[in-house]
Amino acid sequence: MRVKLSQNFYLDEFTRSQTAARFGIDNSAPPAPSIRLMRLCRNLLQPLRNEIGPIHISSGYRSPALNKKIGGSKNSQHPLGLAADITATGKTPHQLAACIHARGGYDQLILEFGEWVHVSIPEKGGIARGEILTAVKVPRPFRKPKTVYVPGLLSQEDALKIALKKSQGGAA
Ligand SMILES: [Zn+2]
């Protein structure tokens with residue numbers, strides 16, 4: 001039986017992971033993260049869904065083992081069940097991020113590489129930071145591109161310009 005988190009969201013949408021399946025990593029959510037995911041749905045994702053239509057979860061909960069495997073940040077809100085990476089039918093990721101920003105109530109909102117949106121809520125009783133960022137990959141000669149987070153909701157082109165200026169020691 002599927003565990004329902006809110007009217008249109010189910011727990012399995014937040015725990016499925018191709019990487020976990022491929023490497024045999026257990027990514028089932030313990031009770032505490034599951035309860036946070038329910039809050040994420042009821043406070044943010046479901047009201048958003050009611051406004052704009054279907055939302056696809058590309059990554060929700062990440063067990064500590066899965067987070068490590070995919071090279072996620074140690075401070076990631078995914079293993080806590082406080083964050084989800086999402087896209088929406090009929091909206092560009094940029095438009096989706098703008099909708100979430102307009103609604104407010106988020107802790108962190110990141111437009112990631114123009115491809116998807118990372119959104120989180122604060123811990124229960126915590127204050128939502130309302131931090132909005134655009135992630136961009138900055139090419140480097142002979143090295144892997146570096147991920148840079150630029151404040152604000154920007155096009156990849158504009159975010160890259162700012163990131164490059166920063167990395168060259170310019171004022172930013
Ligand atoms: Zn994320």
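Along each chain, residues carry numbers from 1 onward, in the same order as the chain's sequence is written. Restriction of local features to residues with pLDDT of at least 70 applies here, the model being predicted, together with a cutoff of 80 or more for giving and counting side-chain atom pairs; totals for whole chains, interfaces and linings are based on all residues.

**Things to note about the overall build of the chain**
Numbering of helices and strands runs from the N terminus, with a helix taken as a DSSP run of H or I at least four residues long and a strand as a DSSP run of E at least two residues long. From N to C terminus, the chain includes 6 helices and 8 strands. Helices (α) and strands (β) of the chain occur, in sequence order from the N terminus, as β-β-α-α-α-β-α-β-α-β-β-β-β-α. Atoms counted for the radius of gyration: C-alpha only. Globule rule: 2.2 Å times residue count to the power 0.38. What you see for the chain is a C-alpha radius of gyration of 16 Å, in line with the 16 Å of a compact globule of 172 residues. Across its three principal directions, the C-alpha atoms of the chain cover 55 × 35 × 35 Å.

**Some words on the pairing of strand E7 (residues 131-140)**
Consecutive residues of a regular strand have side chains that alternate between opposite faces of the sheet. Inspection of the sheet shows strand E5 (residues 108-112) paired to E7 by 5 bridges, in the parallel sense. Each bridged residue has a counterpart across the sheet, and for Leu111 the counterpart in E7 is Thr134. The turn linking E7 back onto strand E8 (residues 143-151) is made up of 2 residues, and Phe142 within it adopts a positive phi angle of 65 degrees. DSSP calls a pair of strands paired once it identifies at least 2 bridges connecting them.

**Comments concerning the nonpolar core**
In this usage, the nonpolar core is the set of buried Ala, Val, Leu, Ile, Met, Phe, Trp, Tyr and Cys residues whose C-beta atoms join them within 7 Å. Buried, partly exposed and exposed are defined by the number of other C-beta atoms within 10 Å of a residue's own C-beta, namely 20 or more, between the two limits, and 12 or fewer respectively, with C-beta atoms placed from the backbone. Formed by 36 residues in total, the largest nonpolar core has its most connected members in Val117 and Val119. Top contributing element to this core by residue count: helix H3 (residues 31-52), with 6 residues. Whether two residues are in contact is decided by their C-beta atoms, placed from the backbone, lying within 7 Å. Residues within four places of Val119 in sequence aside, it is in contact with Leu44, Ala83, Ala84, Ile86, Ile100, Tyr106 and Leu109.

**As for the sheet that holds E5**
By definition, the strands of a sheet pair up through backbone hydrogen bonds, in either a parallel or an antiparallel sense. Read from one edge to the other, the open sheet built from 6 strands follows the order E3-E4-E6-E5-E7-E8, with strand pairing classed as mixed. Where the open sheet ends on each side, the last strands, each with one partner, are strand E3 (55-59) and E8. Taken pair by pair, the neighbouring strands of this sheet meet at an average axis angle of 30 degrees, ignoring direction. In this structure, E5 lies alongside strand E6 (residues 116-120), joined through 5 bridges in antiparallel fashion. From the neighbouring strand, Glu112 faces E6, where its bridge partner is Trp116. Strands E7 and E8 of the sheet are contacted by helix H6 (residues 156-167), whose axis makes an angle of about 70 degrees with E7. Between N-to-C directions, angles cover 0 to 180 degrees, with each direction set by a line fitted to C-alpha atoms, over the stretch in contact for helices.

**Some remarks on unusual backbone geometry**
Even without being a glycine, Phe113 presents a positive backbone phi close to 55 degrees. By the secondary structure assignment, Phe113 is in the loop between E5 and E6. Positive phi outside glycine occurs at Phe142, with the angle close to 65 degrees. Tracing the sequence through the fold places Phe142 in the loop between E7 and E8. Exposure remark for Phe142: the 4 C-beta atoms within 10 Å place this residue in the exposed category.

**Observations regarding the environment of Gln156**
Tracing the backbone shows Gln156 in helix H6. Since 17 C-beta atoms lie within 10 Å of it, Gln156 is described here as partly exposed. Taking C-alpha positions, Gln156 is 23 Å from Arg129, a pair spaced 27 residues apart along the chain. In contact with Gln156, other than residues within four places in its own chain, are Phe113, Gly114 and Val136.

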